[in-house]
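# Structural overview for review
Okay, here's what each chain looks like letter by letter:
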Amino acid sequence: MCLDTEVCSPPHVTLMDSTDLSRKLKRAGVTFPCVCKPLVAHGTKLAHQMAIVFNEAAFETMKYPCVAQQFISHNAVLYKIFVVGKAHFLVQRPSIKNLTALDEKTTIFFDSHDVSKPSASSHLNEIDQRVSTQSPPDHRVIAAVARQFRTKMNLLLFGIDLIIETATRKHYIIDINSFPGYEGVPNFLDALGDTLVDRLNGCSVAEQTSLSASAQLQKLQRPSRPANVGSAGLTGVGGESSD
């Protein structure tokens, strides 16, 4: 599924059991390696327990129901889009290193929270030095993604996990979380306060989306500044709390 030519979600399929596994994976376009995720609500510890599998035999040890999602090599860089009302923020985090079907044979079990926390440091976070340094996502793309999901889900507090494929630079949304931790977001309480005031004043999600779009347009019309992801790996974008 693609929002536009630049943003997609990886091929994936929900599996209730291992019956007819090969046909289900092929029909969904999922190839190896793939990420196996539990089909449970966000907020539970089990939701973070995942595995990268390299062959069908590995599914014999998986817990069902689960989601099998195509693994996209993204050179160990994850971007978290945090939405707070009409504002959104982009935070860079560590992620899983590049992998191919030929790299491993043994299933890799991991906790997604541990792998992507700011202080994460493990062999799974290794960046391929042969690949040129990855530039941050286009802020206009991020603004469009935040705006579309804000409207479609009718939510004001949520997070989107986004990666950029190493070979193609295509953007992929790999997860969406309701009320995430917001770790690393600057002035979060200010943005939250503004959101609560808007709600108390009767401003709907659609109206906040419209306000956000207007603010983004005004910002794009001003002289642009070079994109900068600082040492903390963070760039605030969108809304009135972006600077």
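For the structure given in this document, a descriptive report is provided here.

The rules we used
Residues numbered from 1 in each chain as written. Predicted model: local features only at pLDDT ≥ 70, side-chain atom pairs only at ≥ 80, totals over all residues. Heavy atoms only, no water. Buried < 20%, exposed > 50% of the residue type's maximum accessible area, 1.4 Å probe, protein only. Helix = DSSP H or I, 4+ residues; strand = E, 2+ residues; numbered from the N terminus. Pairing = 2+ DSSP bridges. 1 Å grid on protein atoms, 1.4 Å probe; cavity = no way out; pocket = protein on both sides within 12 Å on 5 of 7 lines; lining within 4 Å. Points joined across faces, edges and corners; volume = space filled by probe spheres on them. Nonpolar A, V, L, I, M, F, W, Y, C, P; charged D, E, K, R; others polar.

Looking now at the pairing of strand S5 (residues 66-70). The two faces of the sheet receive side chains in turn, since in a regular strand these alternate between them. In terms of burial, S5 is largely enclosed, as 5 of its 5 residues are buried. When strand S2 (residues 12-15) meets S5, the two strands line up antiparallel, connected through 4 bridges. Each residue of the ladder has a partner; that of Thr-14, found in S5, is Val-67. Direction of pairing for strand S3 (residues 34-38) relative to S5: antiparallel, over a ladder of 5 bridges. Bridge assignment links Pro-38 to a residue of S5, and that residue is Cys-66.

Any empty space left between the atoms is revealed when a probe the size of a water molecule rolls over them. Taken as a whole, the largest pocket holds about 1,100 Å³ of empty space. In terms of lining, the largest pocket is formed by 47 residues, of which the most central are Lys-37, Met-50, Asp-161, Asp-175 and Asn-177. Sorting the residues of the lining of the largest pocket by element identifies S3, S5, strand S6 (77-84), helix H2 (112-116), strand S9 (157-164) and strand S10 (171-178) as the ones contributing at least two each. With 6 residues, the single largest contributor to the lining of the largest pocket is S10. A per-class count over the lining of the largest pocket returns 26 nonpolar, 14 polar and 7 charged.

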